Amino acid sequence: MNDFLFGIFLMLVILGVYSWLSTSPASAQVAIAEINYKGKVKGSESDEYIEIVNNGSTPADLSGWRIEAGNVDQVFYFPARTILNPGDRIRVYTNEIHPEWGGFSFASNQPIWNNKGDEGLLYDAAGNLVASQRYSS
Ligand SMILES: [Ca+2]
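All figures in this text were calculated on a predicted structure; none of them were measured in a lab. (Residues numbered from 1 in each chain as written. Predicted model: local features only at pLDDT ≥ 70, side-chain atom pairs only at ≥ 80, totals over all residues.)

Trainee: Can you help me understand the overall build of the protein chain in this one?
Mentor: Secondary structure summary: the protein chain contains 1 helix and 10 strands in total. Each helix and strand of the protein chain, placed in order from N terminus to C terminus, yields the pattern α-β-β-β-β-β-β-β-β-β-β. Taking 14 Å as the expected radius of gyration for a compact globule of 137 residues, we find that the protein chain reaches 18 Å, considerably beyond that expectation. Taking the principal axes of its C-alpha atoms as reference, the protein chain extends roughly 70 × 30 × 25 Å. Residues counted as buried form 25% of the 137 residues belonging to the protein chain. Within the protein chain, contacts between residues separated by at least 24 positions form 54% of all contacts whose residues are at least 6 apart in sequence. (Helix = DSSP H or I, 4+ residues; strand = E, 2+ residues; numbered from the N terminus. Rg over C-alpha atoms; globule rule 2.2 N^0.38 Å. Buried ≥ 20, exposed ≤ 12 C-beta atoms within 10 Å, placed from the backbone. Contact = placed C-beta atoms within 7 Å.)

Trainee: Which parts of the structure should I look at to understand the pairing of strand 7 (residues 89-93)?
Mentor: A regular strand places its side chains on the two faces of the sheet in alternate fashion. For strand 7, a buried count of 4 out of 5 residues is recorded, marking the element as mostly surrounded by other parts of the structure. Across 5 bridges, the pairing between strand 2 (residues 49-54) and strand 7 is antiparallel. Within strand 7, the residue paired with I50 across the bridge is V92. Sheet analysis places strand 7 next to strand 8 (residues 104-105), joined by 2 bridges and oriented parallel. Pairing of Y93 across the sheet is with S105, part of strand 8. (Pairing = 2+ DSSP bridges.)

Trainee: What's the story with the sheet that holds strand 2 in this structure? I'm lost.
Mentor: Strands pair in a sheet through their backbones, by hydrogen bonds, and they do so in one of two ways: parallel or antiparallel. Strand order in the open sheet formed by 4 strands is 1-2-7-8, and the pairing between neighbours is mixed. Whereas interior strands pair on both sides, the edge strands pair on one side only; in this sheet they are strand 1 (30-36) and strand 8. Across 6 bridges, the pairing between strand 1 and strand 2 is antiparallel. Across the sheet, I35 pairs through a bridge with I50, a residue of strand 2.

Trainee: Looking at this model, I keep getting lost on the pairing of strand 10 (residues 129-136). Mind explaining?
Mentor: Of the pairings in the sheet, the one linking strand 9 (residues 117-123) to strand 10 comprises 7 bridges and is antiparallel in character. Looking at the pairing, D118 lines up with Y135 of strand 10. Remark: 5 residues form the turn of the hairpin made by strand 9 and strand 10, two consecutive strands paired antiparallel; G127 in that turn has positive phi of roughly 90°.

This is the structure:
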């Protein structure tokens, strides 16, 4: 390998390490705390929710992040300027607004979370999988 190619190789390694260092701590701290999949509201189960927590020590910017629940029509996008501070928790309800939990909702008339088993997936704005939680009854 000549010096020029080695230089390019070295630069790519440094860039790769730098981007890994600058992105992974921010996403590693955000997790799915709970999926409350058994709603008490009959039929619509509007009171189901998925709870997201920031376990890290720095604020996490969730703008453009999304939650998927297994179907193309079961996707929730966090709006711009959604900041989750260290230790804070927010919930995305199936079809209820609770300001004390951030006020987020899938706005779905039907249940989002299958009571027999399902999987919640959390992706960052770049499309990287940040967290997932699978459950079965
Ligand atoms: Ca359910």
